[in-house]
Amino acid sequence: MAFLGCVARRVSVAVRPPRTPPCCVSARSFSSEPTNEKSVPYETTLKQEEGSSSGPTKPLPRSADAVVIGGGSLGCQTLYHLAKMGMTNVVLLERDRLTAGTTWHTAGLLWQLRPSDVEVELLGHTRTVISKDLPEETGLETGWIQNGGLFIASNKQRLDEYKRLMSLGKVYGIESHVLSPAETKDLYPLMNVDDLYGTLYVPKDGTMDPAGTCTTLSRAASARGAKVIENCPVTGIQVGVDDLGVKRVKAVETAHGIIQTPCVVNCAGVWATKLGDMAGVRVPLVAMHHAYVVTERIEGIQNMPNVRDHDASVYLRLQGDALSVGGYENNPVFWDDVSDKFAFSLFDLDWDVFMQHIEGAVNRVPALEQTGIKSTVCGPESFTADHKPLMGEAPEVRGFFLGCGFNSAGMMLGGGCGRELAHWIIHGRPEKDMYGYDIRRFHNSLTNNNRWIRERSHESYAKNYSVVFPFDEPLASRNMRKDPFHQVLTEQGCVFQERHGWERPGWFNLDGAAPVLDYDFYGAYDVKKNENYKYNDLLGKEYTFGFPPHHDVIRSECLTCRQGVAVFDMSYFGKFYLTGPDAKKAADWLFSADVNKAPGSTVYTCMLNKRGGAEADLTVSRLEPGTAMLPLAPESNGEAYYLAIGGGVAEHNWNHVRSVLQDQGFRCTLTDHSEEMGMISIQGPRSREVLQEVLDTDLSNEAFPFSTHKVVNAAGHKVRAMRLSFVGELGWELHIPKDSCLPVYHAVMAAGAKHGIINSGYRAIDSLSIEKGYRHWHADLRPDDTPLEAGLAFTCKMKSSIPFLGRDSLEKQKAEGLRRRIVCFTIDEKVPMFGLEAIFRNGVPVGHLRRSDYGFFIDKTIGYGYIRNPDGGVVSADFIKSGTFTLERMGVTYAAKAHLKSPFDSGNQRIKGIYPVEDLGLHKAHV
């Protein structure tokens, strides 16, 4: 018998074989393996005996309302929730037996706390389904074991992260405790606590059994009329084209018959890419080996909590009187040749890769050094570019839904995601904000780019246990989409952020250029690690939950905009034209605001879903009809609209508009010119003086009012100028054809030199916009927030009789009163907040901050969050005014002031060009 300590020493001194290049990583085996036993640590699996029947376990129906493909955690949870919501004519097809492929060998851990409010809710639902709902409905046990969870912190930053989770957990009633090393030792006597900073203990975390869970789910779904058919591989997906030219799912093909259906749900895990190919749908995931080992019996380990030692990148799962040990390494093995025959098989464990986890485990629980290894479990798992699942309706084919790519978290996220996916299928949208999992979060140019999928999936895997810091950026697959200003801004010290594949300015480093380099796989696979990497060094300096070291640089950018003039490169924005015979009807229905003002008008508006939730916020400009002057104007004989949309969510917006047009049968054309135009925004009290030298038009309030636009000449180039602001200042956006971007930019900078003009980035925009009270979609405005709740009632044409998508829900909500609403908070202490901090009213948790930043002009930390009445009643202005509010940040409580209006320029004087004299002339001090 080999012991874990011996394995660690043996592998660490061995000569490593050459690493396989990242483009063709393959499985390897070693003669030095300490055990040949490969088996999962579960008493029951659903693997069928050799020679058993290979045909379908039930006859195939001719038709179904939906066909779920894949009998793992997500497939079974989705089927169960579809049936529970009333869609009972549904079928699950599994090519082998339930749990085959990836689910059967999963570790089955469930941790309740994550740095995301939505994920906390999803995990909470899974826990309820597994521990309560299924046993009550079926009388069967799922295998749920509530032994608790223990997060290990070896440094202050890690413990700070855990304290953030603890504060968020209070909002959801999740019990957790920060323990000292001594208290941790009392709880877990076998643990080495000499190098600990502290721990977070969550008593009601636990583990799930894959076979027991999936079996119980299938029985509960079958009891409601759903069908589960095993041993029935899918061989094809039939796709048809409707009268509008829209591709839609028609049927599922198998060797044993065809099922007519308008809806297919791809829950095929590692095999989801192949299933997508059958329908012409891109599924951007990769398959990797993911492993753990099971120890022999350990005296004294019984009833101990599961352990996550993030800094050692290892977890310890209680397995009766033994432990399962696994983790995430920086050199995972890719599985490129995904086999259709792989069902209940396992790979040989690559000890060279796995050894680092053993070292971490032995350090944490020294008894492991003399503990034998009972078996190894190394199976395939699917991983994605951002370590988040792929869900929702595919952009390529209507009726083709994704529920895959769960990054080894399919068991613990399965219940929550299965419910949301079922709601998505039945009602067209999920109940929660699932944008972070929606396939439409990725731009279409990336989802078939193998370099992007592979590099980003590797980095996300390698960093899975890293601290989630507020200002982190990926290093993999950068420079995929660059605007015309990229090089000149790089030379001026721009520190870029990545959004939607675009490089967009984050902030400007005063110490010169910090270019983003090609990805080095963190030195894995014999790829030479980048040396003297200035960009990475700048990111690393911001790994803090305090004020970042470049706080004063952001301050300077913000105050120069407030008191002088700044230029923002916003070229990554989505830029769409909506034209066609039904363009006006479509605009009336799509947009919550009345965008049918006079040509030359620009309107800030939302797009809503049926429940009144905000699917987007954007500006819509009504254009003059006429001949094409692309990219500045489309050809149109009637109504035409220019849509400018935040670039990070452009794909989501594009598909939302397109789906609504299809569903309503509007005869419209939607065209994308995002890549053909750049966009700079010139903002601040001196912006008019600067631009008056560059543009050939009168920029006075009378000649060029706020929320209007016109095509003008800028330094001899045609541009579309819009008088708008996303920072609360006098300013204009210039939408510029690609080839004219640099000449116009240089003209603006030359004209602004005497006014102290500077470049500024999105870190400043984040601060300036929250100070003004402007919303950021997917932060303080999401699909589960209505405009009424978000303080955006002015974007809704409720006083008109014009119907629009979501109006009925808003009318109902208005009549009943708001049960939740957004509130602005400020605190006097100079401490940073980033969102997720708990909000207390009179000592009772009522919500959490969605978004927070520092407001440099008012010199305070500002946060926005949605609050509820604990009694379930209406959240009125009096409810807010009469309460005493506090915010909890990492376990520390701060007195907070609640504001019903923005504490900065609530009268909107500055965007009108009206400034207090004392605000002018001060900007030079901040340049």
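The following refers to the structure shown.

1. Here's the deal with the packing of helix α14 (residues 583-590) against helix α15 (residues 650-664)
Each packed pair of helices is defined by two parameters, the angle between the axes and the distance between the axes. The N-to-C vectors of α14 and α15 enclose an angle of 115°; their axes lie 11 Å apart at closest approach. Regarding the angle of α14 to α15, the classification is roughly perpendicular. Both α14 and α15 take part in a crossing whose hand is right-handed. Of the residues in α15, those touching α14 at Ala586, Trp589 and Leu590 are His656, Val657, Val660, Leu661 and Gln664. Across the contact of α14 with α15, the residue classes tally to six nonpolar, two polar and no charged.

2. A short note on the packing of aromatic side chains
One pass over the structure, following the stated rule, counts 33 aromatic pairs. Arranged with centres 5.3 Å apart and planes meeting at 55°, the rings of Phe151 and Tyr162 form a pair that is tilted. One end of the pair, Phe151, is in strand β4 (residues 149-153); the other, Tyr162, is in helix α4 (residues 156-171), and 11 residues separate them in sequence. For the pair shown, Phe151 and Tyr162 are each scored as buried. Here a set of aromatic residues connected by ring pairs shows up, and it is made of Phe334, Tyr519, Phe521, Tyr522 and Tyr525. Above the ring of Phe879, the side-chain terminus of Arg841 is found at 3.8 Å from the ring centroid. The ring of Phe857 has Arg910 lying over it, and the distance from NZ or CZ to the ring centre is 5.1 Å.

3. Quick word on the side chain of Asp350
Within the secondary structure layout, Asp350 lies in the loop between β16 (322-327) and α8 (351-364). Here the side chain of Asp350 touches Asp352 through a polar contact of 3.1 Å, landing on its backbone nitrogen.

4. Comments concerning the environment of Lys772
Within the element layout of this structure, Lys772 appears in helix α18 (residues 762-772). The spacing of Lys772 and Gly855 is 83 residues in sequence and 8.9 Å in space, taken between C-alpha atoms.

5. Points about α15
It helps to recall that an α-helix has 3.6 residues per turn; residues three or four apart then point in one direction. Between its first and last C-alpha atoms α15 spans 21 Å; for 15 residues at 1.5 Å apiece the expected length is 21 Å, and the two agree. Within α15, 12 of the 15 residues are buried, leaving the element largely enclosed by the surrounding structure. Of the surrounding secondary structure, the elements contacted by the buried residues of α15 are β23 (574-579), α14, β24 (602-608), β25 (614-622), β26 (641-645) and β27 (669-672). Of the residues trailing α15, Gly665 is marked for its positive phi of about 70°.

6. Things to note about the sheet that holds β25
Strand order in the open sheet formed by five strands is β24-β25-β26-β23-β27, with antiparallel pairing between adjacent strands. Edge positions in the open sheet fall to β24 and β27, since each of these has one partner strand only. Going across the sheet, the axis of each strand differs from the next one's by a mean of 30°, ignoring polarity. Bridging between β24 and β25 involves seven bridges; their strand directions are antiparallel. Opposite Met607, over in β25, you have Ala616 as the bridge partner. Of the strands in this sheet, β23, β24 and β26 are in contact with α14, which crosses β23 at around 125°. Strands in contact with α15 are β23, β24, β25, β26 and β27; relative to β27, the strand with the most contacts, it is inclined by about 165°.

7. Concerning the sheet that holds strand β18 (residues 390-393)
Strand pairing in a sheet relies on backbone hydrogen bonds, with the paired strands running either antiparallel or parallel. One open sheet holds the six strands; their spatial order is β8-β2-β1-β12-β19-β18, and the pairing between them is mixed. In the strand order of this sheet, the two ends are held by β8 (227-229) and β18, each with one partner. Direction aside, the axes of adjacent strands within the sheet are offset by 20° on average. Sheet topology note: the strand β1 (residues 66-69)/strand β2 (residues 90-93) ladder contains four bridges and is parallel. Pairing of Ile69 across the sheet is with Leu93, part of β2. Lying over the sheet, helix α2 (residues 73-84) contacts β1, β2, β8, β12 (264-266) and β19 (400-404), oriented at roughly 170° with respect to β2.

8. As for the state of the cysteines
On inspection of all chains with the given rule, the structure shows zero disulfides. Cys232 takes part in no disulfide bond, and the closest cysteine sulfur to it belongs to Cys76, at a distance of 15 Å. The structure places no disulfide on Cys796, whose sulfur is separated from the nearest cysteine sulfur, that of Cys606, by 6.2 Å. Residue Cys796 is classed as buried on the basis of its relative accessible area of 9%.

9. Concerning the side chain of Arg481
Tracing the backbone shows Arg481 in the loop between α10 (450-462) and α11 (486-491). Among the polar contacts made by the side chain of Arg481, one reaches the side chain of His443 at a distance of 3.3 Å. Not counting the four nearest positions on each side in its chain, Arg481 is found in contact with His443, Ser445, His500, Gly501, Trp502, Glu503 and Glu675.

Calculation rules
- Residues numbered from 1 in each chain as written.
- Predicted model: local features only at pLDDT ≥ 70, side-chain atom pairs only at ≥ 80, totals over all residues.
- Heavy atoms only, no water.
- Axes fitted to C-alpha atoms, helices over the stretch in contact; angles between N-to-C directions.
- Helix = DSSP H or I, 4+ residues; strand = E, 2+ residues; numbered from the N terminus.
- Parallel < 35°, antiparallel > 145°, perpendicular 65-115°, else oblique.
- Left-handed = near helix turned anticlockwise from the far one by under 90°.
- Contact = heavy atoms within 4.5 Å.
- Nonpolar A, V, L, I, M, F, W, Y, C, P; charged D, E, K, R; others polar.
- Phe/Tyr/Trp six-rings, centres within 6.5 Å; stacked < 30°, edge-to-face > 60°.
- Buried < 20%, exposed > 50% of the residue type's maximum accessible area, 1.4 Å probe, protein only.
- Lys NZ or Arg CZ within 6 Å of the ring centre and 35° of its normal.
- Polar contact = N/O pair within 3.5 Å; in protein donor to acceptor, adjacent residues only side chain to side chain.
- Expected span 1.5 Å × (residues − 1).
- Pairing = 2+ DSSP bridges.
- Disulfide = S-S within 2.5 Å.

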